[in-house]
Amino acid sequence: MPQWVEAGLWGLVGGAALVLGAAAAWWVRVPRRVVAGIMAFGAGVLISAFAFDLVDEAQQAGGLGPTAGGFLGGAAVYVLINVLLARRGAQHRKRSGGRQPSEQDTAGSGAAIAVGALLDGVPESVVLGLSLLGGGGIGVTVLAAVFISNVPEGLSSAAGMKAAGRSARYVFGVWTGIAVASGVAALVGNLLLRTASPATVAAITAVAAGAILAMIADTMIPEAFERTELYTGLLATIGFLTAFVIGHAG
């Protein structure tokens, strides 16, 4: 199997976790405190993955300069786009309660939420595609982190969409589309960068890592803290340790 095809399939697997979470939210009444707890755990998993498997490896491969520049650039671009989307109604796209606006409340918010979900998912998928470039197979820690964090993301956001009165067609259309886009992003990232220099790959990996960290701080932690409050730090720490153990086992 060509490596770029494998990258696309792994990206699709990571994105499918969003659909799985959305399905759970739509058909099962999951307590918001449980959703928030899983979100905190997922945030810790992602933080561990980008700290050890993205930023550190990018620095070793491409140097400190490209890594630092890419990391800050990724965060800045994510925040800028997120601010623009927030003004159109996507600010609380990962909230499971009644904070998400309906289309009647804010015209165009449905499209903004969909674009915001895409913004959240693409950096993770690109990283999955890049993790195959070394020839050692998929990065298990990164894949686990993406999958584990995507389930509560899809669950929480879909619960909020349902509370805002959005249809099943919209909810599952959004998450299925994001899952497919995740596969495409991983495929394209692997295909376009397979001949790139280590510094270029490091910079782009760092861009994705910066965007992921900004996403965690802007969307995942607020939802987690709203319900788990003082337990958020402990749950995130457990998630961090889980990913660290996965990455160093064996």
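Rules of the game
- Residues numbered from 1 in each chain as written.
- Predicted model: local features only at pLDDT ≥ 70, side-chain atom pairs only at ≥ 80, totals over all residues.
- Heavy atoms only, no water.
- UniProt positions renumbered as here; feature names shortened; annotations may be inferred.
- Helix = DSSP H or I, 4+ residues; strand = E, 2+ residues; numbered from the N terminus.
- Axes fitted to C-alpha atoms, helices over the stretch in contact; angles between N-to-C directions.
- Parallel < 35°, antiparallel > 145°, perpendicular 65-115°, else oblique.
- Left-handed = near helix turned anticlockwise from the far one by under 90°.
- Nonpolar A, V, L, I, M, F, W, Y, C, P; charged D, E, K, R; others polar.
- 1 Å grid on protein atoms, 1.4 Å probe; cavity = no way out; pocket = protein on both sides within 12 Å on 5 of 7 lines; lining within 4 Å.
- Points joined across faces, edges and corners; volume = space filled by probe spheres on them.
- Core = buried A, V, L, I, M, F, W, Y, C linked by side-chain atoms within 4.5 Å.
- Buried < 20%, exposed > 50% of the residue type's maximum accessible area, 1.4 Å probe, protein only.
- Contact = heavy atoms within 4.5 Å.

Peer 1: I'd like to hear about the UniProt feature "transmembrane region" (unreviewed entry) in the chain, residue by residue, with values.
Peer 2: Under the UniProt annotation, the feature "transmembrane region" (unreviewed entry) is placed at residues 7-27, 34-52, 64-85, 128-149, 170-193, 199-218 and 230-249. Spanning residues 7-27, this segment combines 100% helix with 0% strand, and its end C-alpha atoms are found 31 Å apart. Overall, residues 170-193 shows 100% helix and 0% strand. The separation of its end C-alpha atoms is 34 Å.

Peer 1: I'd like a rundown of the packing of helix α2 (residues 32-62) against helix α7 (residues 198-228), residues and numbers included.
Peer 2: Two elements in contact, α2 and α7, have axes whose closest approach is 8 Å; the angle formed by their N-to-C orientations is 160 degrees. The angle between the axes of α2 and α7 places the two elements in the roughly antiparallel class. The interaxial crossing formed by α2 with α7 has left-handed handedness. For the contact of α2 with α7, the per-class residue count stands at 23 nonpolar, five polar and five charged.

Peer 1: Now, about empty space enclosed by the protein: what can you tell me, with residues and values included?
Peer 2: Rolled over the atoms, a probe with the dimensions of a water molecule shows which regions are left empty. Under the definition given, this model contains two cavities of 30 Å³ or more. Of the volumes computed, that of the second largest cavity is approximately 60 Å³. Forming the walls of the second largest cavity are Leu46, Ala49, Phe50, Leu54, Glu124, Val127, Val142, Ala145, Val146 and Ile212. Of the residues forming the lining of the second largest cavity, the biggest block, four residues, is contributed by α2. For the lining of the second largest cavity, the class distribution of residues is nine nonpolar, no polar and one charged.

Peer 1: Can you tell me about the nonpolar core, naming the residues and giving the values?
Peer 2: Grouped together as the largest cluster of nonpolar side chains are 30 residues, with contacts concentrated most on Leu46, Leu54, Tyr78, Leu128, Val142, Ile216 and Met220. Mapped by element, the contributors of at least two residues to this core are α2, α3 (64-90), α4 (109-130), α5 (140-163) and α7. Ranked by residues supplied to this core, first place goes to α7 with nine residues. Ignoring anything within four residues of it in the chain, the contact list for Val142 reads Ala49, Asp53, Leu54, Val127 and Leu128.

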